[in-house]
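# Structure assessment
The lines below spell out each chain.
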Amino acid sequence: MDLSRLAELTPHSWKSGRSILYGSSSLIEAMDEKVLEQISNVSRLPGLVGAAMTMPDAHWGYGFPIGGVAAFDAEQGGIVSAGGVGFDISCGIRCLRTSLKKEDLEKGKARIAEVLFRKIPAGVGEGGRIRVSSEELETIMISGAKWAVDSGYGNAADLEYVEERGRVCGANPAFVSDLAKKRQFGEMGTLGSGNHYLEIQVVDRISDPAAAKAFGIEKDGILVSIHCGSRGFGHQIGTDYLVLLARAAKRLGLSLPDRELACAPIRSPEGEQYLGAMNCAINVALANRQILSHLAKECLDAVFPGILVETLFDVSHNTCKLEKHVHEGREKMLHVHRKGATRAFGPNHPDLPQRYRECGQPVIIGGSMGTGSWILAGNEDNPAFCSASHGAGRAMSRSRALRQYEGRKIVEDLAQRGILIRTRSMRGAAEEAPDAYKDVELVAEDTERANLARRVAHLSPSVCIKG
DNA sequence: ATGTAC
């Protein structure tokens, strides 16, 4: 991206019209011009409050850039957009802390890789062993991770450390198509494909000891991170509502800068229907990660008997949420779209569990396959409607990565470095090559320098089950 | 992201 088109606000934020791009000049320069074009389009949608923003890990997406944040006010004709949430609704990361230490893991590393690979359903169309009835699915849509806990997957203590305590309000199954429901019956408790993974990680650097203590992590400790979403269910809702919202925009005469930005006023039948369906998908994703956490725990217990596994936190990064924010000195209820962006509540936020009230919400930046990840903590004066980066962010398209890399070689190279990848798709491994992503170190550093969140601990991968 | 593509 050509920096001369942007006004430098700070060394880590750049402005163009009503858009703000967060990140240092090197990350912004490396971004596709499309990111600026897309976020500028978003900034012209009705009812936007403040600026449309991109996080340091942003890249080109469908309509909205991935790494995009935009808040809309229903009282000012604000809109909701399916492209502003993404197809994988409520995709996110569940992070588990364990009582295991680095040296204990080494002894059982190959074994846990095999057990996880056998037990965690992963890959395109890979169904799980769990079958739910249509009545159960209705309950899942309303109760999210709470349904999973009530059904024996995990325990109530987990829910305390899941965004919205495992269940969002406003879910309305009546607005979900039969096709979306049908696609989910066999997919509860499955990882999916693409950038999804289940990874065992070693805490190898602590940069904020106080927050690390609150998060219950220490150097050489072992964490498990599960990155996945709402599978075919959310995808189908996204597909269904792109059509419906485009029709609504046309009917209401909204002029859209890009047809991929199909949207409708929050206060319109279609807007309300989308939000009702999207909230069902959030709950499905939260239930999915709860089940997967339980399965992972069973695997860990089989290989490391007596291991303690607790939920550190569960963050979604593809959502639209109604939240209270202070803008220009006034309190407002806003619909905040975060597409490939993590919510990052700061210290003293009333929605945080007591344990994290003082240090702020755990913010997870999931790295690419074989590279590191970061855990950060939310700041009280976050400038982006309490949002932060969600991952390394792609630097290269999937098709280009596929041309450039060979999956098997990527997996072998990582094995040489002691990182065990288990996948059913070598094509996926090529698409997910570490170098097809931005440098997660730069993303985490810029996230901190832009005041979006502050770094707490660096994690390095040890075992990774890829979708 | 996706029972991977109108």
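Here's a quick rundown of the structure. Source: prediction; values computed, not measured. (Residues numbered from 1 in each chain as written. Chains lettered and ligands numbered in written order. Predicted model: local features only at pLDDT ≥ 70, side-chain atom pairs only at ≥ 80, totals over all residues. Heavy atoms only, no water.)

## Quick look at the pattern of salt bridges
Under the definition given, this model contains 32 salt bridges. The partner of Glu163 in a salt bridge is Arg343, with the nearest N and O atoms 4.0 Å apart. Of the two residues, Glu163 is situated in the loop between helix H6 (156–159) and helix H7 (178–184) and Arg343 in strand S14 (residues 341–343); the sequence distance between them amounts to 180 residues. As far as burial versus exposure is concerned, Glu163 and Arg343 are alike and both buried. When the shortest N-O distance is used, the salt bridge between Glu323 and Arg338 registers 2.9 Å. Separated by 15 residues along the polypeptide, Glu323 in strand S12 (residues 318–327) and Arg338 in strand S13 (residues 330–339) bring together distant segments of the chain. Accessibility assignment for this pair places Glu323 and Arg338 in one class, buried. (Salt bridge = Lys/Arg side-chain N within 4 Å of Asp/Glu carboxyl O. Helix = DSSP H or I, 4+ residues; strand = E, 2+ residues; numbered from the N terminus. Buried < 20%, exposed > 50% of the residue type's maximum accessible area, 1.4 Å probe, protein only.)

## Some words on the environment of Ser40
Its location among the elements puts Ser40 in helix H2 (residues 33–43). A residue is classified by how much of its surface remains accessible, and Ser40, at 14% relative accessible area, is buried. Taking C-alpha positions, Ser40 is 9.1 Å from Met53, a pair spaced 13 residues apart along the chain. A polar atom in the side chain of Ser40 sits 2.7 Å from the backbone oxygen of Leu36. (Polar contact = N/O pair within 3.5 Å; in protein donor to acceptor, adjacent residues only side chain to side chain.)

## Brief notes about the pairing of strand S9 (residues 221–228)
The buried fraction of S9 amounts to eight of the eight residues, a majority that puts the element mostly inside the structure. Alternating positions in S9 separate into two faces, Gly221, Leu223, Ser225 and His227 on one and Ile222, Val224, Ile226 and Cys228 on the other, with burial throughout. Pairing of strand S7 (residues 92–101) with S9 involves seven bridges; the strand directions are antiparallel. Looking at S9, one finds that Lys101 is bridged to Gly221. Of the pairings in the sheet, the one linking strand S8 (residues 197–206) to S9 comprises six bridges and is antiparallel in character. The residue bridging Glu199 from the neighbouring strand is Ser225, located in S9. (Pairing = 2+ DSSP bridges.)

## Some words on the side chain of Thr54
Within the element layout of this structure, Thr54 appears in strand S4 (residues 48–59). In this structure Thr54 comes out as buried when scored by relative accessible area, which is 0%. Among residues more than four places away in sequence, those in contact with Thr54 are Ile20, Leu21, Tyr22, Val35, Ile39, Pro65, Gly67 and Gly68. (Contact = heavy atoms within 4.5 Å.)

## Thoughts on the packing of aromatic side chains
Working definition: an aromatic ring pair is given by the centre-to-centre distance plus the angle between the planes. All told, the structure shown has six aromatic pairs when counted by the stated rule. An aromatic cluster of at least three residues, connected via ring pairs, comprises Tyr161, Phe215, Phe313 and Tyr356. A cation sits over an aromatic face here: Arg424 above Phe117, 4.2 Å from the ring centre. Just above the ring of Trp374 sits the side chain of Arg455; from NZ or CZ to the centre is 5.6 Å. (Phe/Tyr/Trp six-rings, centres within 6.5 Å; stacked < 30°, edge-to-face > 60°. Lys NZ or Arg CZ within 6 Å of the ring centre and 35° of its normal.)

## A few points about the layout of surface pockets
Any space left empty among the atoms is revealed by the rolling of a water-sized probe across them. Of the volumes computed, that of the largest pocket is approximately 1100 Å³. It is helix H9 (residues 231–251) that contributes the most residues to the lining of the largest pocket, three residues altogether. When grouped by side-chain class, the residues that make up the lining of the largest pocket number eleven nonpolar, 22 polar and nine charged. (1 Å grid on protein atoms, 1.4 Å probe; cavity = no way out; pocket = protein on both sides within 12 Å on 5 of 7 lines; lining within 4 Å. Points joined across faces, edges and corners; volume = space filled by probe spheres on them. Nonpolar A, V, L, I, M, F, W, Y, C, P; charged D, E, K, R; others polar.)

## What about the protein's contact with DNA strand B?
For DNA strand B, the set of nearby residues contains 15 residues, the closest of which are Val124, Arg183, Ser193, Asn195 and Arg231. Glu187 is positioned such that a nitrogen or oxygen atom in its side chain is 3.2 Å from a phosphate oxygen of DNA strand B. Contact between DNA strand B and Arg231: a phosphate oxygen at 2.6 Å from a side-chain N or O atom of the residue. Counting only elements with at least two residues in the surface near DNA strand B, the list comes to H7 and H9. Looking at the surface near DNA strand B, its residues break down into three nonpolar, seven polar and five charged. (Near = heavy atom within 4 Å.)

## Topic: unusual backbone geometry
A positive phi is found at Glu164, a non-glycine position, where the angle reads about 60°. Along the chain, the position of Glu164 falls in the loop between H6 and H7. The residue Asn348 is not glycine, and still its phi comes out positive at about 70°. With respect to the secondary-structure elements, Asn348 resides in the loop between S14 and strand S15 (362–365).

## Quick notes on the nonpolar core
Residues Ile112, Ile237 and Tyr274 are the most contacted members of the largest nonpolar core, which totals 94 residues. Of the residues forming this core, the biggest block, 17 residues, is contributed by helix H10 (residues 269–303). Counting residues in each nonpolar core, the second largest holds 64 residues, with Ala212, Leu223, Trp374 and Ile419 among its members. (Core = buried A, V, L, I, M, F, W, Y, C linked by side-chain atoms within 4.5 Å.)

## Quick look at the sheet that holds S4
Taken together, seven strands build an open sheet; the order of strands is S1-S2-S3-S4-S5-S13-S12 and the sheet is mixed. Here the strands that pair on one side only, and so sit at the sheet edges, are strand S1 (7–10) and S12. Along the sheet, successive strands turn relative to each other by an average axial angle of 25°, direction set aside. With five bridges connecting them, strand S5 (residues 66–72) and S13 associate as antiparallel partners. If you follow Gly68 over to S13, its bridge partner there is Lys339. H10 rests against S12 and S13 of the sheet, and its axis sits at about 110° to S12. (Axes fitted to C-alpha atoms, helices over the stretch in contact; angles between N-to-C directions.)

## Describing H9
For an α-helix the count is 3.6 residues per turn, leaving residues at separations of three or four pointing the same way. Along its 21 residues, H9 runs 31 Å from first to last C-alpha, staying within 8% of the 30 Å computed at 1.5 Å per residue. Within the sequence span of H9, burial applies to Arg231, Gly232, Phe233, Gly234, Gln236, Ile237, Gly238, Tyr241, Leu242, Leu245, Ala248 and Ala249. Residues of H9 that are buried in the fold lie against strand S6 (79–81), helix H4 (134–143), H7, strand S10 (263–265) and H10. (Expected span 1.5 Å × (residues − 1).)

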